[in-house]
Amino acid sequence: NTTTWRALDLLGLQNSFDFLTKKLGFTTLVDRYVTASGYVYSDITYAPLSMGEFTYGVTVKEMTAAYQVFANGGIYNDERIVLQILDADGNVVVDNEKKSQIVMSAENAAIMTKILEEVVDSGTASYISLKNTVDCAGKTGTTQSNKDRWFVGYTPYYVCGIWFGYS
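Below, the structure is looked at part by part. (Residues numbered from 1 in each chain as written. Predicted model: local features only at pLDDT ≥ 70, side-chain atom pairs only at ≥ 80, totals over all residues. Heavy atoms only, no water.)

### Looking at the side chain of aspartate 43
Note the cut-off: Comment: elements are numbered from the N terminus, with helices defined as DSSP H or I runs of at least four residues and strands as E runs of at least two. The rule is simple: take the accessible area with a 1.4 Å probe, protein chains only, and divide by the maximum for that residue type; under 20% is buried, over 50% is exposed, in between is partly exposed. Here the positive residues are Lys and Arg and the negative ones are Asp and Glu; neither His nor the chain ends is included. The term salt bridge refers to a side-chain nitrogen of Lys or Arg lying within 4 Å of a carboxyl oxygen of Asp or Glu. The definition of a polar contact used here is a pair of N or O atoms within 3.5 Å, where within protein one atom must be able to donate a hydrogen and the other to accept one, and adjacent residues in sequence count solely through side-chain atom pairs. For this analysis, residues touch if any pair of their heavy atoms sits within 4.5 Å.
Among the secondary structure elements, aspartate 43 is positioned in the loop between strand S2 (40-41) and helix H3 (46-51). Buried charge without a partner: aspartate 43 forms no salt bridge, and the closest opposite charge is arginine 32, 12 Å away. Within the local environment of aspartate 43, its side chain forms a polar contact with the backbone nitrogen of threonine 55, the two atoms lying 2.8 Å apart. Those residues in contact with aspartate 43 that lie beyond four places of it in its chain are Phe17, Thr28, Leu29, Val30, Asp31, Pro48, Leu49, Glu53, Phe54 and Thr55.

### Some remarks on helix H2 (residues 13-23)
Each α-helix winds once per 3.6 residues, and so residues spaced three or four apart point in a common direction. Keep this limit in mind: In this description, the arc belongs to the directions extending from the helix axis to the C-beta atoms.
Where H2 is concerned, the buried positions are Ser16, Phe17 and Leu20. Projected onto a plane normal to the axis of H2, the buried residues spread over an arc of 100° and lie on a single side. Opposite the buried face of H2, by more than 90 degrees, sit the exposed residues Asn15 and Lys22.

### Some words on the sheet that holds strand S7 (residues 137-142)
As a reminder of what qualifies: Any two strands with at least two DSSP bridges between them are considered paired. The axes used here are C-alpha line fits, helices contributing only the stretch in contact, and every angle between their N-to-C directions lies in the interval 0 to 180 degrees.
Taken in spatial order, the three strands make up an open sheet running S7-S8-S9, and their pairing is antiparallel. In this open sheet, the two edge strands, each paired with only one partner strand, are S7 and strand S9 (159-165). Ignoring which end each strand starts from, the neighbouring axes of this sheet average 5° apart. As paired elements, S7 and strand S8 (residues 148-154) share six bridges and run antiparallel to each other. In the sheet register, alanine 137 faces S8, and the bridge partner there is tyrosine 154. In the packing of helix H5 (residues 106-122) onto the sheet, the strands contacted are S7 and S8, and the crossing angle to S7 comes to about 65°.

### Looking at the layout of surface pockets
Using the following cut-off: Every definition here rests on a 1 Å grid over the protein atoms only: cavities are sets of points where a 1.4 Å probe fits but cannot get out, pockets are open sets enclosed by protein on both sides within 12 Å along at least five of seven lines, and lining residues have some atom within 4 Å of a point. Grid points are joined across faces, edges and corners, and a volume is the space filled by probe spheres set on the points. Classification used: nonpolar for Ala, Val, Leu, Ile, Met, Phe, Trp, Tyr, Cys and Pro, charged for Asp, Glu, Lys and Arg, polar for all others including Gly.
Volume-wise, the largest pocket comes out at about 2,000 Å³. What lines the largest pocket is a set of 48 residues, and nearest its centre among them are Leu49, Ser50, Met51, Gly52 and Phe54. Every element with two or more residues in the lining of the largest pocket is listed here: helix H1 (2-11), H2, H3, helix H4 (60-71), H5, S7 and S8. Here the element with the most residues in the lining of the largest pocket is H4; it accounts for six residues. When the residues that make up the lining of the largest pocket are grouped by side-chain class, the tally is 27 nonpolar, 17 polar and four charged. In terms of lining residues, the second largest pocket is bounded by 13 residues, among which Thr64, Gln68, Tyr157, Tyr158 and Val159 are the most central. Considering only residue class, the lining of the second largest pocket consists of seven nonpolar, four polar and two charged.

Below, the structure written as structure tokens:
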């Protein structure tokens, strides 16, 4: 899509890649990888950054963690499985404090949420019935030949990422 490519030209390919890896915690992206035969792979180009055609893909955990910035007003929180563990006496054994950083303005996060609410209200995720009880936003995605299908959605309280497909 030439509009997306123009936007990437304005933002800069390296800046876009750095935002994903340094601000949103993506670890599966490839800066530069050269095969034994000399073929060079890099996710710092148009197809990966505009269409998601990353060399090794992304994990559901990474994608879900990235979307939570919209619900959090532009603040990225490191994902955590365990928040805190207490012993029988109530003493803290593990305290997994959240690590947060502002990665975009609250205004940009709100605009993105408005756009993604349309996906749930009248777009490709309009079948979601949760929207009848709480504000919802989300994004669907499908690869060529329907090999992969994605949905990442959120409410003001929770974020959920779903992927199914085959390689």
